Amino acid sequence: MDSQTSKIEIAKLILELEDPKLINRIHEMILDESSKFRKSLTQHEKEEIKIGIEQLNRGERISFEDFLKKVS
């Protein structure tokens, strides 16, 4: 099963949940993992991400194919 299919299946399972405690535990786990990831980034990586988000917000975008050509 590919990553996208797995995400869809997980989303379906979560949408069917009725137990608020379990929903909160899943939510906390996802936030914790996200926080660990952010903490593992270097300051330079965080700055690059911030610059990228600012560029996207200004509408400065290129296609993925053009990006791949640029970095190849």
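Residues numbered from 1 in each chain as written. Predicted model: local features only at pLDDT ≥ 70, side-chain atom pairs only at ≥ 80, totals over all residues. Heavy atoms only, no water.

J.: I'm lost on the pattern of salt bridges in this one. Help?
T.: Oppositely charged side chains may form a pair once their charged atoms are brought near each other. In the structure shown here, the tally under the stated rule is 4 salt bridges. One salt bridge in this structure joins Lys 12 and Glu 9, with 3.8 Å as the shortest N-O distance. Note that Lys 12 and Glu 9 are positioned in helix α1 (residues 3-16) at a spacing of 3 residues, about one turn of the helix. Residue class for Glu 9 comes out partly exposed when judged on its relative accessible area of 35%. The partner of Lys 36 in a salt bridge is Glu 33, and the shortest N-O contact between them spans 3.6 Å. With Lys 36 and Glu 33 both in helix α2 (residues 20-40), this residue pair falls 3 residues apart, about one helical turn. Taken together, the salt bridges that share partners define one network made up of Asp 32, Glu 33 and Lys 36. (Salt bridge = Lys/Arg side-chain N within 4 Å of Asp/Glu carboxyl O. Helix = DSSP H or I, 4+ residues; strand = E, 2+ residues; numbered from the N terminus. Buried < 20%, exposed > 50% of the residue type's maximum accessible area, 1.4 Å probe, protein only.)

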